[in-house]
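Here is how the chains run, residue by residue.
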Amino acid sequence: MHELSIVMSIVDLATAQAAKHEAIAIEEIELDIGCLTSIEMDSFEFAWKQGIKQTILENATRKINRIEGKARCSDCGTYFNMLQLYDSCPQCNSHLAEIISGKELKVKSLVLPD
Ligand SMILES: [Zn+2]
């Protein structure tokens with residue numbers, strides 16, 4: 001499952017960070033997940049619960065920032081909100097657009113215990 005492999009890579013990253021600081025747990029983790037990624041939030045929730053069991057993230061508070069999709073039309077230059085990947089420009093219907101935000105998938109911050 002796609003989402004589970006994402007969760008596992010987040011666990012790996014958090015584990016590496018904690019090791020660097022000799023921490024045995026993560027207090028809080030904040031994630032940026034863009035609306036234009038292919039992540040299904042329901043599956044992600046499910047994968048999260050499975051994936052963090054007995055890891056450094058097991059008791060961490062999790063925050064998720066959903067980043068809205070924004071794009072700029074390559075033909076007419078209009079900026080618009082993109083709800084789905086490959087939405088066309090509302091001005092000229094062009095399908096060529098430069099995506100400005102919404103494809104984020106990253107750990108924004110990790111809080112380690114004092
Ligand atoms: Zn356009």
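Bear in mind the structure is a predicted one, so any value in this text is a computation, not a measurement.

## A word on the coordination of the zinc ion
The protein atoms donating to the zinc ion are C73 (SG), C76 (SG), C89 (SG) and C92 (SG), with metal-donor distances spanning 2.3 Å. Here the zinc ion is ringed by 4 donor atoms whose angles at the metal span 106 to 114 degrees, and the overall shape comes out tetrahedral. Along the chain, the residues that donate to the zinc ion are spaced as C-x2-C-x12-C-x2-C. By relative accessible area, C73 is classed as buried at 0%.

## Description of the pattern of salt bridges
Counted according to the given criterion, the structure contains 4 salt bridges. With a shortest N-O distance of 2.6 Å, R62 and E45 are connected by a salt bridge. Remark: E45 occurs in helix α2 (residues 41-51) and R62 occurs in strand β2 (residues 61-67); sequence separation between them is 17 residues. Across the salt bridge formed by K70 and E68, the nearest N and O atoms sit 3.7 Å from each other.

## Quick notes on the sheet that holds β2
Strand order in this open sheet of 3 strands is β2-β1-β6, and the pairing throughout is mixed. Whereas interior strands pair on both sides, the edge strands pair on one side only; in this sheet they are β2 and β6 (105-111). Neighbouring strand axes in the sheet, compared pairwise and without regard to direction, differ in orientation by 20 degrees on average. The pairing of strand β1 (residues 28-34) with β2 spans 7 bridges and is parallel. Pairing of I33 across the sheet is with R66, part of β2. Here α2 sits on the sheet in contact with β1 and β2, set at roughly 160 degrees to β2.

## What about the sheet that holds strand β4 (residues 79-81)?
Overall, antiparallel pairing links the 3 strands, which are arranged β4-β3-β5 in an open sheet. Of all the strands in the sheet, just β4 and β5 (97-101) have a single pairing partner and so form its edges. The sheet shows a mean angle of 30 degrees between the axes of neighbouring strands, direction not considered. With 3 bridges connecting them, strand β3 (residues 70-73) and β4 associate as antiparallel partners. Bridge pairing in β4 links K70 to N81.

## Describing α2
If you check which residues of α2 are buried, you get F44, A47, W48 and G51. Down the axis of α2, the buried side of the element spans an arc of 105 degrees, and every buried residue falls inside it. Exposed residues lying more than 90 degrees from the buried face of α2 are D42, F46 and K49.

## Focus on the packing of aromatic side chains
Applying the stated criterion across every chain yields a total of 1 aromatic pair. Measuring from centroid to centroid gives 5.9 Å for F44 and W48, while their planes differ by 35 degrees, and the two rings are tilted. Of the two residues, F44 and W48 are both situated in helix α2; the distance of 4 residues between them amounts to about one turn of the helix. With respect to burial, F44 and W48 carry one shared label: buried. Across the ring face of W48, the terminal group of R62 is positioned such that the distance to the ring centre comes to 5.1 Å.

Definitions and cut-offs
Residues numbered from 1 in each chain as written. Predicted model: local features only at pLDDT ≥ 70, side-chain atom pairs only at ≥ 80, totals over all residues. Heavy atoms only, no water. Donors = N, O, S within 2.8 Å, 3.2 Å for Na, K, Ca; no water. Tetrahedral: all angles 85-135°; square planar, octahedral: opposite > 155°, others 65-115°. Buried < 20%, exposed > 50% of the residue type's maximum accessible area, 1.4 Å probe, protein only. Salt bridge = Lys/Arg side-chain N within 4 Å of Asp/Glu carboxyl O. Helix = DSSP H or I, 4+ residues; strand = E, 2+ residues; numbered from the N terminus. Pairing = 2+ DSSP bridges. Axes fitted to C-alpha atoms, helices over the stretch in contact; angles between N-to-C directions. Contact = heavy atoms within 4.5 Å. Arc of directions from axis to C-beta. Phe/Tyr/Trp six-rings, centres within 6.5 Å; stacked < 30°, edge-to-face > 60°. Lys NZ or Arg CZ within 6 Å of the ring centre and 35° of its normal.

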